Amino acid sequence: MKVKVLVLGRLLQSLHEKLVEHAEIEYVDREAPLAQDMLMAHLKGKEAVISEPLDTISSELMDACPSLKLISNRAVGFDNVNLMQATQRSIVVTNTPGVLDAATADLAMALLLACARRICEADRYVRQGKWTGFKSDLMLGPDLFGKTAGIIGIGRIGQAFAQRARAFGLKLVYTRNAPRDEQDDKFKDEFHAQRVELEELLQRADFISIHCPLNSQTRHLIGQAELDRMKPECILINTARGAIIDQQALVSHLVQRRIYAAGLDVFENEPEVPQQLLELDNVVLLPHIGSACFETRRRMSELAVDAVIAAFSGSRPEHVVNADAWNQERWDLITKEHQTATSK
Ligand code: DGY
């Protein structure tokens, strides 16, 4: 008996072919977040789901779908899944780390450059026919070279951003949510990066890029008080998760020009973008495309598909985020049940 899988979004043909050998697939290619009752209707009777940041996998959903055993989240972030409740129900949750670091760091750098050099604003200026000729004071912005970038969270994506920032001649400070260890020596040697407390980073950095995960400790990590500490010329970049910043506080800082600019790929209630942000020229707004590169998205999908195939073949998937939920004996049994049903 094949595994019943709900795929939210699409799969490349080659990956569809790989998965369909093991699974009976239902696709729901939604454009916007599905209401929970709709999601519930599709998820009922499924044993696995391939989900994305758009899909909220709540405890109510898990309760309504008792056959669900695996949530293969096609993203590195998994804040859209109620992890604690999944673990309590022995639902295994997997993600797709390690394959999107470069793409996401590239986009963070692109946002920094776009904000500093006013690229989107300048493009609009030309399109609107406002350009009358070279002017030595037209569209000036801050130099990057020699300035200080603050990296909040120096995991894989933060390190990839550090590499890029060094190549642009930036000095680096960073925060990290772990005890000081040899990693900090590595960052010092490799990136000449200095570890500091958040308060110091906020005060020293000319540009700040957020690269930490969203969880209960990082929700609204950057609020009114933190924004107040930033330099007036600071550019804030967020390619991680919208809710790490108190969006309302950020909007009012930007409206009052209390920081220079912001480059945002993520928002607190996606796909909602506050009207005030849309009206500002000191922001660059993107529709959550940090990892949106052909090869990167293919690798993410591959990991998501492989997690389903591995689990239902009785092997622990490569990237389980709730290790406590994986019980080898239980999965041996699940695999056996599937094999027995197939051979009947
Ligand atoms: C992730 O992987 O968490 C990104 O936000 C989506 O690619």
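Please read all numbers here as calculations on a predicted model, not as lab measurements. (Residues numbered from 1 in each chain as written. Predicted model: local features only at pLDDT ≥ 70, side-chain atom pairs only at ≥ 80, totals over all residues. Heavy atoms only, no water.)

**As for a negative patch on the surface**
- On the surface, Glu182, Asp185, Asp189 and Glu190 cluster together to form a negatively charged patch.
- Inspection of the secondary structure puts aspartate 189 in helix α8 (residues 182-191).
- Look at aspartate 189 and you get exposed, because its relative accessible area is 62%. (Patch = residues over 30% accessible without salt bridge, like charges linked within 9 Å, V, L, I, M, F, W, Y side chains within 5 Å. Areas by Shrake-Rupley, 256 points an atom, 1.4 Å probe, with all protein chains shown as cover. Salt bridge = Lys/Arg side-chain N within 4 Å of Asp/Glu carboxyl O. Lys, Arg positive; Asp, Glu negative; His and termini not counted. Charge placed at Lys NZ, Arg CZ, Asp CG, Glu CD. Helix = DSSP H or I, 4+ residues; strand = E, 2+ residues; numbered from the N terminus. Buried < 20%, exposed > 50% of the residue type's maximum accessible area, 1.4 Å probe, protein only.)

**Let's talk about the sheet that holds strand β9 (residues 207-210)**
- Taken in spatial order, the seven strands make up an open sheet running β8-β7-β6-β9-β10-β11-β12, and their pairing is parallel. Pairing within the sheet leaves two strands with one partner each, and these edge strands are β8 (193-195) and β12 (283-285). When strand polarity is set aside, the average angle formed by the axes of neighbouring strands in this sheet is 15°.
- Taken together, the four bridges between β9 and strand β10 (residues 235-238) define a ladder with parallel strand orientation. Pairing of isoleucine 210 across the sheet is with asparagine 238, part of β10.
- Sheet contacts for helix α5 (residues 101-116): β9, β10, β11 (261-264) and β12; angle to β10, the most-contacted strand, approximately 150°.
- Together, β7 (171-175) and β8 form the strand contacts of α8, whose direction differs from that of β8 by roughly 150°. (Pairing = 2+ DSSP bridges. Axes fitted to C-alpha atoms, helices over the stretch in contact; angles between N-to-C directions. Contact = heavy atoms within 4.5 Å.)

**Concerning the environment of valine 320**
- Mapped onto the secondary structure, valine 320 falls in the loop between α13 (294-311) and α14 (328-343).
- Put simply, valine 320 and alanine 262 are 58 residues apart on the chain and 34 Å apart in space, counted from C-alpha to C-alpha.
- When residues no more than four places from it in sequence are discounted, the contact partners of valine 320 are Val92, Val93 and Thr94.

**Quick look at the nonpolar core**
- With 30 residues, the main nonpolar core has Ile208, Ile210, Met230 and Leu236 as its most contacted residues.
- Secondary-structure elements contributing two or more residues to this core are α9 (198-204), β9, α11 (247-255) and β11.
- For this core, the element with the most residues is α11, which contributes four residues.
- What methionine 230 contacts, discounting residues up to four positions off in sequence, is Leu202, Ile208, Ile222, Leu236 and Ile259. (Core = buried A, V, L, I, M, F, W, Y, C linked by side-chain atoms within 4.5 Å.)

**What about the pattern of salt bridges?**
- One pass over the structure, following the stated rule, counts 21 salt bridges.
- The closest approach of N and O atoms between glutamate 26 and lysine 46, which form a salt bridge, is 2.7 Å. With a gap of 20 residues between them, glutamate 26 in strand β2 (residues 23-28) and lysine 46 in the loop between α2 (36-43) and β3 (48-51) connect regions that are remote in the sequence.
- Residue classification places lysine 46 among the buried positions, given a relative accessible area of 10%.
- In this structure, arginine 195 and aspartate 184 form a salt bridge, with 3.0 Å as the shortest nitrogen-oxygen distance. In this pair, arginine 195 is assigned in strand β8 and aspartate 184 in helix α8, connecting sequence segments eleven residues apart.
- Residue arginine 195 is classed as buried on the basis of its relative accessible area, which comes to 16%.
- Several salt bridges share partner residues, and in doing so they unite Arg30, Glu52, Asp55 and Arg74 into one network.

**Brief notes about the side chain of aspartate 206**
- With respect to the helices and strands, aspartate 206 occurs in the loop between α9 and β9.
- Reaching out from aspartate 206, the side chain makes a polar contact with the side chain of lysine 231 at a distance of 2.9 Å.
- Other than its neighbours up to four places away in sequence, aspartate 206 contacts Lys147, Thr148, Lys231, Glu233, Cys234 and Ile235. (Polar contact = N/O pair within 3.5 Å; in protein donor to acceptor, adjacent residues only side chain to side chain.)

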